[in-house]
Amino acid sequence: MLIATFNINGIKARIEALPRWLDASRPDVVCLQEIKSLDEAFPREVFEDMGYRVETHGQKSFNGVAILSRLPLEDVVRGLPGDTSDEQARWIEATVMAPRPIRVCGLYLPNGNPAPGPKYDYKLAWMARMEQRLRDLLATEEAFVCAGDYNVIPQAEDAARPELWADDALFLPQTRAAFRQMLNLGLTDAFRARVEGPGHYSFWDYQAGAWERNNGIRIDHLLLSPQAADRLTGAGIDKQVRAGDKPSDHVPVWIMLDD
DNA sequence: ATGTCCTTACCTTAAGGA
């Protein structure tokens, strides 16, 4: 089973590039971030006609996440549990009904810039809330994957020019510590379980010729529960998508799991 | 570290977010 995450930076702007990638890669499940659309405005028919079920958790203008799946989805949860006052659409979960079901969480973790400040406080609070959700999921001892835009550069090797990010909310020690704390619950960074070394990125800024200079960062991740990690057979980044027509600033990151 | 892109509100342009 092929599961991917893709921050599309607006469904309207990506209405050609996203189907093009789906046709080429044929993932079974895709977690989308930054759909920037209300649920009722999401062009679900485009993807249903391609054989996908569509579950969205959107909001106007900003944020918004979705899960596309060729397999049936059950028990959809919208919104990260733990704070009913949080109105930002950044989390969606569903169980993919394969022969061995797997819980899939799609997330768009807050950017947090500028740091310090209220936006960074929100990021750290959101990460603490996500950690609690991970603890609850781990307690079920079932297979799950948390796939999305984490807005976290885990290590210096995950940035082409780490010195540029020293004061950025994506790379501050507190950010990286909160991410590490999630891993240390017993989760696996799927990409790093399969690929070692520098030079692997999932985001290149539109500005300052970042793509042409390969000035990228790896911030889109799939974290696996132990039961999911047992089934991991491959992981990769679809870098070539960034060179296509009208690309997102992110590219898809994927894992292959035993069915 | 700003050479861009996306969205909305409201228009032939600007602001906010990333």
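Below you will find a few notes about this structure. (Residues numbered from 1 in each chain as written. Chains lettered and ligands numbered in written order. Predicted model: local features only at pLDDT ≥ 70, side-chain atom pairs only at ≥ 80, totals over all residues. Heavy atoms only, no water.)

What to know about the overall build of chain A
Scanning chain A from N- to C-terminus turns up six helices and 14 strands. Here chain A has a C-alpha radius of gyration of 17 Å; the compact-globule value for 259 residues is 18 Å, and the two agree. If one aligns the C-alpha atoms of chain A with their principal axes, the spans along those axes are about 45 × 45 × 40 Å. Classification of the 259 residues of chain A by burial places 56% in the buried group. (Helix = DSSP H or I, 4+ residues; strand = E, 2+ residues; numbered from the N terminus. Rg over C-alpha atoms; globule rule 2.2 N^0.38 Å. Buried < 20%, exposed > 50% of the residue type's maximum accessible area, 1.4 Å probe, protein only.)

Description of the sheet that holds strand β1 (residues 2-7)
Pairing in this open sheet of six strands is mixed, and the strands run β3-β4-β2-β1-β14-β13 from one edge to the other. At either end of the open sheet lies a strand with only one pairing partner, and these are β3 (53-57) and β13 (232-237). Taken over all neighbouring pairs, the strand axes of this sheet differ in orientation by 15 degrees on average, direction set aside. In this sheet, strand β14 (residues 253-257) lies alongside β1 in antiparallel orientation, the contact comprising four bridges. (Pairing = 2+ DSSP bridges. Axes fitted to C-alpha atoms, helices over the stretch in contact; angles between N-to-C directions.)

Observations concerning the protein's contact with DNA strand B
For DNA strand B, the set of nearby residues contains 19 residues, the closest of which are Arg14, Ser61, Tyr206, Gln207 and Arg213. Residue Arg14 places a side-chain N or O atom 3.0 Å away from a phosphate oxygen belonging to DNA strand B. Looking at the surface near DNA strand B, its residues break down into six nonpolar, five polar and eight charged. (Near = heavy atom within 4 Å. Polar contact = N/O pair within 3.5 Å; in protein donor to acceptor, adjacent residues only side chain to side chain. Nonpolar A, V, L, I, M, F, W, Y, C, P; charged D, E, K, R; others polar.)

A look at the layout of surface pockets
Reported here for the largest pocket is a volume of approximately 450 Å³. Around the largest pocket sit 25 residues that line it, and Tyr108, Pro110, Asn111, Gly112 and Asn151 are the ones nearest its centre. Partitioning the lining of the largest pocket into residue classes produces eight nonpolar, nine polar and eight charged. A volume near 160 Å³ is recorded for the second largest pocket. Every residue lining the second largest pocket is listed: Arg161, Leu164, Trp165, Phe203, Asp205, Gln207, Ala208, Ala210, Arg213 and Asn215. (1 Å grid on protein atoms, 1.4 Å probe; cavity = no way out; pocket = protein on both sides within 12 Å on 5 of 7 lines; lining within 4 Å. Points joined across faces, edges and corners; volume = space filled by probe spheres on them.)

Section: the nonpolar core
Core analysis: the biggest nonpolar cluster contains 51 residues, and Ile3, Leu32, Phe47, Ile102 and Ile255 have the highest contact counts within it. Once residues lying within four places of it in the same chain are set aside, the contact partners of Ile255 are Met1, Leu2, Ile3, Val145, Ala190, Leu222, Leu224, Leu232, Gly234 and Ala235. Counting residues in each nonpolar core, the second largest holds 20 residues, with Leu107, Leu134, Phe144 and Leu187 among its members. (Core = buried A, V, L, I, M, F, W, Y, C linked by side-chain atoms within 4.5 Å. Contact = heavy atoms within 4.5 Å.)

Let's talk about the pattern of salt bridges
Evaluated as defined, the whole model comprises 11 salt bridges. One salt bridge in this structure joins Arg192 and Asp158, with 2.9 Å as the shortest N-O distance. Separated by 34 residues along the polypeptide, Arg192 in helix α5 (residues 190-194) and Asp158 in the loop between β8 (144-149) and α4 (173-183) bring together distant segments of the chain. Exposure remark for Arg192: the relative accessible area of 19% places this residue in the buried category. (Salt bridge = Lys/Arg side-chain N within 4 Å of Asp/Glu carboxyl O.)

A few points about α4
Every buried residue belonging to α4 is among Thr175, Ala178, Phe179 and Met182, and all of these are buried. The arc that holds the buried residues of α4, viewed along the axis, is 95 degrees, so those residues lie on one side. Opposite the packed face of α4, turned more than 90 degrees from it, sit the exposed residues Pro173 and Gln174. Buried positions along α4 lie against α3 (118-139) and β12 (220-224). (Arc of directions from axis to C-beta.)

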